[in-house]
Amino acid sequence: MTTPKIVSEFRAGLASGELLIQNCNACGKPNMWPRYACPHCQSEDLGWVSSAGKGTLHSFCVLRQGAPEGFEADLPYAIGVVKLDEGVQLGVRLEPHGDEDWSAYQCDDRVEFAGKDDGRECAVFRRAQG
Amino acid sequence: MAENWTLNVAPGAANDPVFVGVGEIRTGKFPDRSFIEALTKVAILALRDAGMVPRDIDTILLIPNLHSAADQADLVFSRMVEELGIHGSCKASYMVHSGGSTSDNAVRAAHGLITAGHAQNVLVLQCERWGSADLNEMITMLSKNGIPGEWELPTGIQFNAIGAMITRRYMHASGSTAEDMASICVTLRKWANLNENAMFYEKPLTVERILASQMVADPLHAFECPPMADGACAFVVTSTENAKKRGIGNAVRLAGSGGCVSHYCLSQEPDQAVLGWPLAAERAWNQSGWGPQDADILEIYDSYAAVTAIALEGIGIAPKGDGARWIAAGNGDPGGKLPLNTNGGLLSAGHTGVGGGTALLVEGIRQLLHRAPSSRQVEDCQRAIIGGTGGSYMDAQILLLERTKLGA
Ligand SMILES: [Zn+2]
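Residues numbered from 1 in each chain as written. Chains lettered and ligands numbered in written order. Predicted model: local features only at pLDDT ≥ 70, side-chain atom pairs only at ≥ 80, totals over all residues. Heavy atoms only, no water.

A.B. asks: Please give an account of the coordination of the zinc ion that cites residues and values.
C.D. replies: All names here are of chain A. The protein atoms donating to the zinc ion are Cys24 (SG), Cys27 (SG), Cys38 (SG) and Cys41 (SG), with metal-donor distances spanning 2.3 Å. The coordination sphere of the zinc ion comprises four donor atoms, whose angles at the metal cover 101 to 114 degrees; the geometry is tetrahedral. The exposure class of cysteine 41 is partly exposed, given its relative accessible area of 31%. (Donors = N, O, S within 2.8 Å, 3.2 Å for Na, K, Ca; no water. Tetrahedral: all angles 85-135°; square planar, octahedral: opposite > 155°, others 65-115°. Buried < 20%, exposed > 50% of the residue type's maximum accessible area, 1.4 Å probe, protein only.)

A.B. asks: I'd like to hear about the sheet that holds strand E2 (residues 30-31) of chain A, residue by residue, with values.
C.D. replies: Residue and element names in this part refer to chain A. The sheet built from three strands is open, its strands ordered E2-E1-E3 with antiparallel pairing. Only two strands of the sheet have a single neighbouring strand rather than two, namely E2 and strand E3 (46-50). Bridge analysis of strand E1 (residues 20-24) against E2 gives two bridges, and the strand direction is antiparallel. From the neighbouring strand, asparagine 23 faces E2, where its bridge partner is proline 30. Packing against the sheet, helix H1 (residues 5-15) makes contact with E1 and E3, and its axis sits at approximately 135 degrees to E1. (Pairing = 2+ DSSP bridges. Helix = DSSP H or I, 4+ residues; strand = E, 2+ residues; numbered from the N terminus. Contact = heavy atoms within 4.5 Å. Axes fitted to C-alpha atoms, helices over the stretch in contact; angles between N-to-C directions.)

A.B. asks: Give me the lowdown on the nonpolar core, citing residues and values where you can.
C.D. replies: One broad rule of soluble globular proteins: the nonpolar side chains tend to lie buried together. Residue and element names in this part refer to chain B. By size, the foremost hydrophobic cluster in this structure holds 107 residues, and its most contacted members are Phe235, Leu298, Ile315, Ile365, Ile385, Ile398 and Leu401. Beyond its immediate chain neighbours, meaning those up to four positions away, phenylalanine 235 contacts Phe19, Gly21, Val22, Ala46, Val107, Val122, Leu123, Val124, Thr358, Leu361, Val362 and Ile365. Listed in part, the 32 residues of the second largest apolar core include Val18, Ile25, Ala43 and Leu84. (Core = buried A, V, L, I, M, F, W, Y, C linked by side-chain atoms within 4.5 Å.)

A.B. asks: An account of the interface of chain A and chain B is requested, with residue identities and associated values reported.
C.D. replies: Tallying the contact residues gives 37 residues for chain A and 32 residues for chain B. Summed over both sides, the interface of chain A with chain B buries roughly 2900 Å², with 57% coming from carbon and sulfur. The largest per-residue losses of area from chain A upon contact with chain B belong to Trp33(A), His58(A) and Gln65(A), which jointly make up 20% of the total buried on that side. The interface formed by chain A and chain B includes two salt bridges. Its salt-bridge partner being Arg169(B), residue Asp108(A) comes within 2.8 Å of it at the nearest N-O pair. (Buried area = accessible area lost by both parts, 1.4 Å probe. Salt bridge = Lys/Arg side-chain N within 4 Å of Asp/Glu carboxyl O.)

Structure follows, in structure tokens:
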């Protein structure tokens, strides 16, 4: 099966350093994850807006063992859930602030989009600068 | 704000469904015990407990397994009907599936079937072989269940990561300490030490040992992660009329239920320290007239300690923020104010996949039938709150069960 358009476009955004939020052209509301029809108004007229990339860290963890197949070499790695200021939320990887160190992160920290993960089709966030 | 739906059956009415029997075999690692063998054993145990034989059953509801697609196909295509010798007479055999909350939804299904007259005697069957399955295969499978492949699988998320994020958010929101969280596991172990069928029946556990165990997914230590196990259990539901005809004196009925599906993938949950429990509870109280003060025992899904602490707060057993401390204070212990997960729960009796919730439900029915071994039978147990959740804690399901005396 070919990659659905909403997936390829979201990933193309990540690859170009942009975090895209699906936005409904009919009702104007943002949707995350991107949907095939707007969950608010059922319109299929859906576009994209660029996120400012700022938000708060709802929660996170550092996985140290038991990676899914294909992720073993990534260990340890940190996964988080970010609530974007635009009002949607998503799952991300968190950038370490030292060598394999995520100890400075706390829930409700201000975080920012740092780009696409090196090897993975997902966004990376880090603690907000300043 | 919850709507007010009443059950369309009066307590004690001819078509009021009642639980009349349970069956269970040991949970742990039993590589030589086959899937069908285990299902057959628990079916016969539950039927005997109900005073029935296979021919009495007209409908089988199947709880799925997660270890094998081939075994799943055997279930779906009615193998158990033939194994029990009721091919030709059995009316229907099919699967209900919502992950860890399946047993709650299977109860709703059985209840509706009996109330409406589609079924008379329903046998619910569960078996899982997680303990004997390949661990890496199961981890990979669980990185795809309740996780959208196109959006979140790329982060490398899996079940312990999900449990760890909920635990961290809960600890942050409530101010619970690592010791508080570990104490919940110790409470469960005390119950498992009274349950011969539990995986860790003979193994004590302390807070110190938990906190000294390896960090798996910060903040979860190895001994705070659910032990994957083989296990099987079953229960029988019939109508009040049938139960009376059979001379059954005491049974268990459903006083009401409530549920809330709050997300599909964890990243879309508005508050990981709350989940769907408050709305599920409100719905359950509206349907039954019960409140949190009415329970004699709690059997609440516990794949991670935080999951149970969050549920206790949402159900109103503990004040907001005090769920973990309520358990850590010993309130749910054997001999405590309100016994919690009296079989040892998923964390200490063993995580049998979809079956972990079924085992808690079966334990609740067993306690209400007053058929638990004396070492853990809760005295004069009349009412139980059963709590379940599936997938990435996508839903909160509450069943309110009560012991009922069936007049002649
Ligand atoms: Zn819309």
